[in-house]
Amino acid sequence: MLKDCYKVLGLMSGTSLDGLDIIEVEFWHDENWHFSIHNAETIPYPQKWIDILQDLTSRDMDSLHEIDTAYTRYLADQINLFRNRNLLNDVDFVSSHGHTALHQPQNNLTYQIGNLPEIADLTGLTVICDFRTQDVALKGQGAPLVPVGDHLLFGDYDYCLNLGGFSNVSFMHKAKRIAFDISPVNTVLNHYAQKIGLQYDKGGKRSAEGKLHHGLLASLNDLNYYQKPWPKSLGIEWVNTSVIPLIDSYNLETADALRTFVEHIAVQIGNAIDSQSKVLVTGGGAYNSFLMERCRLYSKADMKVPEPELVEYKEALIFGFLGLLRIRGEVNCLSSVTGAVKDHSSGEVYLPKIAFP
């Protein structure tokens, strides 16, 4: 039976490997959908998992299946610990992004680890997960997946911009929701920050100290992806084969590479967003003050960075919402966004054999 109020655990793990985001969120509906985040936490990955997750694209399928099993158990453990810490006994379901191992929609391939049916038995909860596979089977990109949530929860903004491992944007165009990945962000910035002993470039301090290399900037902006029309999406494979080798070919000081890539991000965001528009900015990159300064310069938009809870957990929030739409049998994946042959309600639903508190 459909309800007007749901308590959901939303999980998100992104390509920047900042950690596993888990939130407890309540959704309710009158004429519109509303939400309230009750508990939220980012659980840093142990070094063991960082090493595994950043190397997934080099693994064969047998190895990926073994990792999938182990990661599914890891997620289940974190869900159970989160519930115990917060004394949660009234959760309707878990909605989980999993972690992207492979994303090659042009080859009809996408693979999220952590989405095995056992996760329901290990938590005693209904679990909705594996949101990309059906869309790719329907000739879509399988990403971005958050635009339905942007439309139904944040429709007051002209654009919703996320600055995470990649930048992605969603907006209305000719009465349809459109979204696409703009460029890499923290997948590249963190890569170079770690070369100088930093986990990430806090506030963009090192980037701001570097020198802009106009030749590299022009080469980055000339990459073929940026000439393609939407719908389109990016995966870490493209970063590893096309972006990092290009930057390295210039043999720059790390600060100069950071400085130039920040400019590249800002240029591409400026190309994607209309001036004078109202933009909601979330994701870890929203805390990079130098990056935000450059983005505002190129876009000339009113970029709003909301409260930290929403900056950090918007994607986990929306994956919780995607699960809600799926459990209700409502559309959560838009063909106007992914290029699939039709709108659809995506995600596998796993029921536990035995529920437990």
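Just so it is clear, the model here is predicted, and its values are computed rather than measured.

Student: Account for the overall build of the chain, naming residues and giving values.
Tutor: Helix and strand counts for the chain stand at 13 helices and 13 strands. A compact globule built from 357 residues should have a C-alpha radius of gyration of about 21 Å, and the chain, at 20 Å, falls within 12% of that. Across its three principal axes, the chain shows a C-alpha extent of roughly 60 × 45 × 40 Å. In the chain, buried positions account for 57% of the 357 residues.

Student: Residue-level account of the sheet that holds strand 10 (residues 176-184), with values.
Tutor: What the five strands build is an open sheet, ordered 10-9-8-11-12; its pairing is mixed. In this open sheet, the two edge strands, each paired with only one partner strand, are strand 10 and strand 12 (302-304). Going from strand to strand, the sheet's axes swing by 20° on average, the running direction of each strand aside. Contacting strand 8 (159-163) and strand 11 (278-282), helix 12 (residues 308-327) runs over the sheet at an angle of about 80° to strand 11.

Student: A description of the sheet that holds strand 4 (residues 93-96) should follow, citing residues and the corresponding values.
Tutor: Taken together, the six strands give an open sheet; going across it, the order is 3-2-1-4-7-13, and neighbouring strands pair in mixed fashion. Each edge of the open sheet is held by one strand with a lone partner, namely strand 3 (33-43) and strand 13 (348-350). Strand after strand, the sheet turns through a mean of 20° between neighbouring axes, direction not considered. Pairing analysis gives three bridges linking strand 7 (residues 127-129) to strand 13, with the strands arranged antiparallel.

Student: With reference to specific residues and values, describe a nonpolar patch on the surface.
Tutor: The grouping of Ile327, Val349 and Leu351 at the surface amounts to a nonpolar patch, some 250 Å² of accessible area in total. Along the chain, Ile327 turns up in helix 12.

Student: For the pattern of salt bridges, give the residues involved together with the corresponding values.
Tutor: What the rule picks out here adds up to 12 salt bridges. Glu209 is the partner of Lys205 in a salt bridge, and the nearest nitrogen-oxygen pair spans 2.9 Å. Separated by four residues within a single helix, Lys205 and Glu209 lie in helix 7 (residues 205-209), roughly one turn from each other. Residue Lys205 is classed as exposed on the basis of its relative accessible area, which comes to 51%. Glu209 sits in the partly exposed class, given a relative accessible area of 47%. Residue Lys304 is joined to Asp302 by a salt bridge in which the shortest nitrogen-to-oxygen separation is 3.6 Å. A residue is classified by how much of its surface remains accessible, and Lys304, at 35% relative accessible area, is partly exposed.

Student: Requested: an account of the pairing of strand 6 (residues 109-113), with residues and values cited.
Tutor: When you tally the buried positions in strand 6, you get four out of five residues, the bulk of the element. Where strand 5 (residues 99-104) lies against strand 6, five bridges are found, and the strand directions are antiparallel. Residue pairing for strand 6: His99 is matched across the bridge by Ile113. Connecting strand 5 to the antiparallel partner strand 6 that follows it, the hairpin turn spans four residues, and Asn108 within it adopts a positive phi of roughly 55°.

Student: Lay out the state of the cysteines with the relevant residues and their values.
Tutor: In total, this model carries zero disulfides according to the counting rule given. Cysteine Cys160 remains unbridged, with the sulfur of Cys295 as its closest cysteine sulfur at 15 Å. For Cys160, a relative accessible area of 2% corresponds to the buried category. Cys129 provides the cysteine sulfur closest to Cys333, a residue in no disulfide bond, and the two sulfurs are 15 Å apart.

How each quantity is defined
- Residues numbered from 1 in each chain as written.
- Predicted model: local features only at pLDDT ≥ 70, side-chain atom pairs only at ≥ 80, totals over all residues.
- Heavy atoms only, no water.
- Helix = DSSP H or I, 4+ residues; strand = E, 2+ residues; numbered from the N terminus.
- Rg over C-alpha atoms; globule rule 2.2 N^0.38 Å.
- Buried < 20%, exposed > 50% of the residue type's maximum accessible area, 1.4 Å probe, protein only.
- Pairing = 2+ DSSP bridges.
- Axes fitted to C-alpha atoms, helices over the stretch in contact; angles between N-to-C directions.
- Contact = heavy atoms within 4.5 Å.
- Patch = residues over 30% accessible without salt bridge, like charges linked within 9 Å, V, L, I, M, F, W, Y side chains within 5 Å.
- Areas by Shrake-Rupley, 256 points an atom, 1.4 Å probe, with all protein chains shown as cover.
- Salt bridge = Lys/Arg side-chain N within 4 Å of Asp/Glu carboxyl O.
- Disulfide = S-S within 2.5 Å.

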